[in-house]
Amino acid sequence: MRVIDMALSKNIVAALTKQINAEFFSSYLYLSMASQFDVMNLKGFSNWMKVQAQEEITHAMKFFGYLSDRGSKVELLSIDRPKTRWKDPLEVFKGAYDHEVKVTDMINKIVTLALKEGDHTTNTFLQWFVNEQIEEEASTDGVVQKLKLIKSDSSGLFMIDQELAQRVFVPATANQK
Ligand code: FEO
């Protein structure tokens, strides 16, 4: 058992628990998108989504590690079923971008809560995610913009597919438990 004065407030624990769930849901959603790209025979797009799905698990584990470090038992919630069908690559990536905007909003709300409660440790912990969300929105929007540019040009789509095939999973090093 951890010492009691390390304990987080009930509200913060609830918010971080919900965020663990949101990060695992993100992983599910991106895996579902990867499968959509597999059936479209866009293996580079699929690779990008599979790497993204792995990255989301590392996000979930950062929250898990933080709750654990602060002496909280981690109560895992049920993960919702993600959407399973999209009509074209643009619709998929628009969905990914919209999802990241939602995640940013969730993170910002936890920051607001932490500041309201004077929980500076949690606020500091969350700053990694505040910065990460800039990258998460930019990378998904970047693909949306490219897809808009090429419209339905198949050679353009092939080139983007080649580019997205290059992405590799790089595990984050900080604070993973
Ligand atoms: Fe974990 Fe894509 O935000």
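Structural data are supplied above this passage.
Keep in mind that this is a model prediction, so the values were computed, not measured.

> Please clarify how helix α3 (residues 89–116) should be interpreted in this entry.
Count 3.6 residues to each turn of an α-helix, and residues three or four apart come out pointing the same way. The terminal C-alpha atoms of α3 lie 41 Å apart, and with 28 residues this matches the ideal 40 Å at 1.5 Å per residue to within 8%. Once α3 ends, the next one or two residues include Gly118, with phi positive near 70°.

> It is not clear to me how helix α1 (residues 10–39) should be interpreted in this structure. Could you clarify?
Between its first and last C-alpha, α1 extends 44 Å over 30 residues, near the 44 Å set by a 1.5 Å rise per residue. Of the residues trailing α1, Asn41 is marked for its positive phi of about 60°.

> Any chance you could explain the pattern of salt bridges here in plain terms?
Any two side chains of opposite charge can pair, on the condition that their charged atoms come close. This structure, assessed with the given rule, holds 6 salt bridges. Across the pair Asp38 and Lys50 runs a salt bridge whose closest N-O atoms are separated by 3.3 Å. Here Asp38 is found in helix α1, whereas its partner Lys50 is found in helix α2 (residues 43–69), with 12 residues between them in sequence. Judged by its relative accessible area of 24%, Asp38 is partly exposed. For Lys50, a relative accessible area of 37% corresponds to the partly exposed category.

> Explain the nonpolar core here, please?
If you look at the biggest cluster of nonpolar residues, it comprises 21 residues, and the most contacted ones within it are Met33, Phe45, Met49 and Phe93. When contributions to this core are tallied by element, the ones reaching two or more residues are α1, α2, α3, α4 (120–150) and α5 (154–164). The element contributing the most residues to this core is α1, with 6 residues. Excluding residues that lie within four positions of it along the chain, Met49 makes contacts with Tyr30, Met33, Ala34, Phe37, Val92, Phe93 and Ala96. Formed by 20 residues, the second largest nonpolar core is a distinct cluster that contains Phe63, Leu67, Val103 and Ala114.

What counts as what
- Residue indices follow the written sequence of each chain, beginning from 1 at its first position.
- Under the rules for a predicted model, residues below a pLDDT of 70 receive no local features and side-chain atom pairs below 80 are neither given nor counted, while totals for whole chains, interfaces and linings still include all residues.
- Calculated side-chain values reflect all of the structure's heavy atoms, with hydrogen atoms and water omitted.
- Secondary structure follows DSSP: runs of H or I at least 4 residues long count as helices, runs of E at least 2 residues long count as strands, and numbering of each begins at the N terminus.
- Multiplying 1.5 Å by the residue count of a helix minus one yields the expected span of that helix.
- By salt bridge we mean one thing: a side-chain nitrogen of Lys or Arg within 4 Å of a carboxyl oxygen of Asp or Glu.
- Each residue is placed in one exposure class: buried if its accessible area under a 1.4 Å probe, protein chains only, is under 20% of its type's maximum, exposed if it is over 50%, and partly exposed if it falls in between.
- Put simply, a nonpolar core is a bunch of buried Ala, Val, Leu, Ile, Met, Phe, Trp, Tyr and Cys residues held in one set by side-chain atoms that sit within 4.5 Å of each other.
- Whether two residues touch is decided by their heavy atoms; if any such pair falls within 4.5 Å, the residues are in contact.

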